[in-house]
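# Summary of the model geometry
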Amino acid sequence: MLQCGVIGATGYAGSALVSLLAAHPKVEITYLASHSYAGKRFSDIYPSLKGACDLVLQEEDVQEASKLCSVLFLALPHGLASSKITEEILSRCIIIDLGADYRLKDSSVYESWYKTEHGSKSLLEQSVYGLCELHRDAIVNANLIANPGCYTTCSILTLAPLLAEGLVDPTSLIIDSASGVSGAGRSEKIDSLFCECNESYKAYGVTNHRHTPEIEQELSLILGSDVLVQFTPHLVPMNRGILSTCYANLKAGVSEADIESAYHKHYGNEPCIRLMGSSLPETRFVRGTNICAIGWKFDARTRRVIAIGSIDNLIKGAAGQAVQNMNIRCNFEETLGLPLFVSNPL
Ligand SMILES: NC(=O)C1=CN([C@@H]2O[C@H](COP(=O)(O)OP(=O)(O)OC[C@H]3O[C@@H](n4cnc5c(N)ncnc54)[C@H](OP(=O)(O)O)[C@@H]3O)[C@@H](O)[C@H]2O)C=CC1
Ligand SMILES: CC(=O)N[C@@H](CCC(=O)OP(=O)(O)O)C(=O)O
C-alpha cells in the first residue's frame with residue numbers, strides 16, 4: 001500500500017482528499033495534520049466520515065510527515081507551502097500541492113498577483129503543473145506537482161482544443177466563470193456567510209483575479225505565444241460546482257464541424273473529460289465526480305464559439321485531480337479511486 005499524508009486535512013479541499021484517499025484501494029493514510037484541531041480525530045471534525053477515517057490529527061510537521069509518507073498532499077492557504085518544501089523533502093517524498101505556490105513558473109508573476117514573497121523560488125523549475133490531460137508526460141516523473149486551481153482547470157480544459165487547433169482569435173478570449181461557495185474555503189470569511197451569499201449572485205475579482213495569470217500561462221504554452229484573457233469569476237449560492245462560459249471569435253472559414261473535431265481529437269480518449277456537444281453541461285451533472293464536462297455552441301450570426309465547461313471545484317478542481325496526479329505519478333490506473341459518475345442524477 002502507498003503511504004499518504006495530508007497537511008491541511010480539515011479544510012474543504014483537504015477533507016475531500018481524505019475521503020477519496022480513504023476509499024482508494026492502493027492507499028493507506030498514515031498522517032493527517034491540522035492547524036486548529038491537532039489531537040482530535042479527523043472524524044470528530046467530519047462525523048460523516050466516521051468509520052472511514054478516524055485517524056488522530058497531528059500538529060503540522062512537513063519534515064516528519066515526509067519520512068512517514070511516500071506521497072504528501074498539501075492543502076494549505078497560498079503562501080505557506082513554498083516556505084515548507086525543500087530539496088531534501090523532495091528527495092524522499094512526492095509532494096502534491098493543492099495551493100497556488102508552485103503553479104506559476106515565473107516567481108515575479110506569482111509575487112505580483114499574490115502580493116507575497118515566494119519562499120522557495122529555486123524549486124519552481126522542477127515543479128510540474130498538474131493539469132493531468134495536458135501534462136501527463138511530465139507528471140510521471142515529477143516529485144513536486146502543482147495541482148491547478150479550480151477555475152483554471154475548468155477554463156483551460158474548455159478552451160485548450162480551440163487554441164491548439166488554431167480555430168479562434170487568441171486576442172478575443174473572454175471567460176465568465178461561476179463557483180459554489182466551498183471554493184472560498186472553510187475558514188471564516190464574511191462573503192461566504194449564508195446571509196451574505198444566499199439568494200444573490202455576484203461578480204468579484206473583476207480584472208484582478210489570481211487565476212488569470214495561471215490561465216494565461218497554460219493557454220500561452222498551447223498557442224506558443226502570449227495569450228491574454230478577460231476572466232471574471234462569480235459567486236453562486238450553492239455548495240459546490242463551477243461553470244465556465246468561454247467566448248472566442250472564430251477565425252475565417254472555421255466551421256461547426258471543425259470545432260467538434262477539435263474537441264474529439266484532443267479529448268476523445270480522456271477518461272476524465274465528458275464531451276457533451278450542443279447539450280450543454282450543468283454543475284449537477286458533475287457533482288462529486290472527477291469529470292470536466294464540456295459543451296459548445298457555434299454562433300454563425302456573431303461568428304463566435306461559446307464553449308461551456310463544468311467541474312466540481314472540490315474534486316476535478318482540487319482533491320480528485322490531486323488523486324489523478326498521484327495515480328499517474330505512481331503508475332496506478334489513472335482513474336483508480338475516482339468517481340466518474342454522479343451518485344444521484346437528481
Ligand atoms: N476550495 C476549493 O474549491 C479549492 C481550493 N484549492 C486550494 O486548496 C488549498 C486549501 O483550500 P481550502 O480547503 O478551500 O481551504 P480551507 O480554508 O477550507 O482549509 C485550509 C486548511 O489549511 C489549514 N490552515 C489554515 N491556516 C493555516 C496556517 N496558518 N498554517 C497551517 N495550516 C493552516 C486549515 O487548518 P485548520 O482547519 O486546522 O484550521 C485547513 O486545514 C488552498 O490553497 C486553495 O486555494 C484549490 C482548488 C479548489
Ligand atoms: C468562490 C471562491 O472564492 N473561489 C476561490 C478560488 C478557489 C481556488 O481554487 O483557488 P486557489 O486554489 O487558486 O487558491 C477564489 O476566488 O479565491
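Residues numbered from 1 in each chain as written. Chains lettered and ligands numbered in written order. Predicted model: local features only at pLDDT ≥ 70, side-chain atom pairs only at ≥ 80, totals over all residues.

## Considering the overall build of the chain
The criterion, for reference: Think of it this way: any DSSP run of H or I at least four residues long counts as a helix, any run of E at least two long counts as a strand, and we number them from the N terminus. We take the radius of gyration over the C-alpha atoms and set the globule estimate at 2.2 Å times the residue count to the 0.38 power. Residue burial here comes from a neighbour count, namely the number of other C-beta atoms, placed from the backbone, that lie within 10 Å of the residue's own C-beta, with 20 or more meaning buried, 12 or fewer meaning exposed, and in between meaning partly exposed. By the criterion used throughout, residues are in contact when their C-beta atoms, derived from the backbone, lie within 7 Å.
Helix and strand counts for the chain stand at eleven helices and 13 strands. In terms of overall dimensions, the chain is globule-like: its C-alpha atoms have a radius of gyration of 19 Å, near the 20 Å expected for 346 residues. Relative to its full complement of 346 residues, the chain shows a buried share of 48%. Excluding contacts between residues fewer than 6 apart, the proportion of contacts in the chain whose partners are at least 24 apart in sequence is 71%.

## Regarding the sheet that holds strand E2 (residues 27-33)
We count it as follows: Strand pairing requires that DSSP identify at least two bridges connecting the strands.
The six strands are arranged E2-E1-E3-E4-E6-E5 in an open sheet whose pairing can be described as parallel. This sheet does not close on itself; its edge strands, each paired only once, are E2 and strand E5 (128-129). Two strands pair when backbone bridges link them, and strand E3 (residues 71-74) and strand E4 (residues 94-97) are joined in this way by four bridges, in the parallel orientation. In the strand pairing of E4, Phe 73 is matched with Ile 96.

## What to know about the packing of helix H6 (residues 132-139) against helix H11 (residues 315-329)
We count it as follows: What counts as an axis is a line fitted to C-alpha atoms, over the stretch in contact for a helix, and the angles between N-to-C directions run from 0 to 180 degrees. Should the near helix be turned anticlockwise from the far one by less than a right angle, the crossing is left-handed, and should it be turned clockwise, the crossing is right-handed. When residue character is reported, Ala, Val, Leu, Ile, Met, Phe, Trp, Tyr, Cys and Pro are called nonpolar, Asp, Glu, Lys and Arg charged, and the others, Gly included, polar.
Orientation of H6 relative to H11, taken along the N-to-C sense of each, is 35 degrees, at an axis distance of 10 Å. Helix-helix and strand crossings are classified by hand; for H6 and H11 the assignment is right-handed. Taking contact as the criterion, the partners of Cys 132, Arg 136 and Ile 139 in H6 are, on H11, Gln 321, Gln 324, Asn 325, Ile 328 and Arg 329. Of the residues contributing to the contact of H6 with H11, the split by class is three nonpolar, three polar and two charged.

## A short note on the packing of helix H7 (residues 150-164) against H11
Test applied: When an angle is under 35 degrees it counts as roughly parallel; over 145 it counts as roughly antiparallel; between 65 and 115 it counts as roughly perpendicular; any other value is oblique.
Two numbers describe how H7 lies on H11: the axes approach to 8 Å, and their chain directions differ by 100 degrees. In terms of orientation, H7 and H11 fall into the roughly perpendicular class. Counting all contacts with H7, which are made through Cys 150, Thr 153 and Cys 154, the residues of H11 involved are Lys 316, Gly 317, Ala 318 and Gln 321. In terms of residue class, the contact of H7 with H11 is built from three nonpolar, three polar and one charged.

## Considerations on the UniProt feature "active site" (unreviewed entry) in the chain
In plain terms, the rule: UniProt positions are given in the numbering used here, feature names are shortened, and annotations may be inferred rather than shown by experiment.
Under the feature "active site" (unreviewed entry), the UniProt entry names Cys 150. Mapped onto the fold, Cys 150 is located in helix H7. For Cys 150, a count of 30 C-beta atoms within 10 Å translates into the label buried. Leave out the neighbours within four places in its chain, and Cys 150 touches Ser 179, Gly 183, Ile 242, Ile 311, Asn 313, Gly 317 and Ala 318.

## Quick look at the site of ligand 1
Rules: By convention here, the C-beta atom is placed from the backbone, and a residue is near a molecule or strand when that atom is within 6 Å of it. These domain boundaries are the output of an automatic or database domain assignment.
Contacts to ligand 1 come from 31 residues, most closely from Gly 11, His 35, Gly 99, Gly 185 and Arg 186. For the shell around ligand 1, the secondary-structure elements that each account for two or more residues are helix H1 (12-22) and H11. Looking at the shell around ligand 1 element by element, the count peaks at three residues for H1. Its residues assigned to classes, the shell around ligand 1 shows 13 nonpolar, 16 polar and two charged. Counting contributing residues per domain, the shell around ligand 1 is built from domain 1 (2-126) and domain 2 (151-311), each supplying no fewer than three.

## Comments concerning the nonpolar core
In plain terms, the rule: By convention in this section, buried Ala, Val, Leu, Ile, Met, Phe, Trp, Tyr and Cys residues joined through C-beta atoms within 7 Å make up a nonpolar core.
In terms of nonpolar packing, the biggest core is built from 95 residues, with Leu 17, Phe 73 and Ala 319 touching the most fellow members. No other element matches H7, which puts nine residues into this core. Counting residues domain by domain, this core receives three or more from each of domain 1 (2-126) and domain 2 (151-311). Filtering out sequence-adjacent residues up to four positions away, Phe 73 remains in contact with Cys 4, Val 6, Leu 17, Ile 96, Leu 98 and Ala 322.

## Remarks on helix H10 (residues 256-267)
Stated precisely, the cut-off is as follows: A helix is expected to span 1.5 Å multiplied by its residue count minus one. What the arc measures is the spread of directions leading from the helix axis to the C-beta atoms.
Under the 1.5 Å per step criterion, the end-to-end length of H10 is 17 Å for twelve residues, consistent within 8% with the ideal 16 Å. Of the residues making up H10, those classed as buried are Ile 259, Ala 262 and Tyr 263. Buried residues along H10 cover an arc of 90 degrees about the axis, so they all sit on one side. Away from the buried face of H10 by more than 90 degrees, exposed residues Ala 257 and Lys 265 are located.

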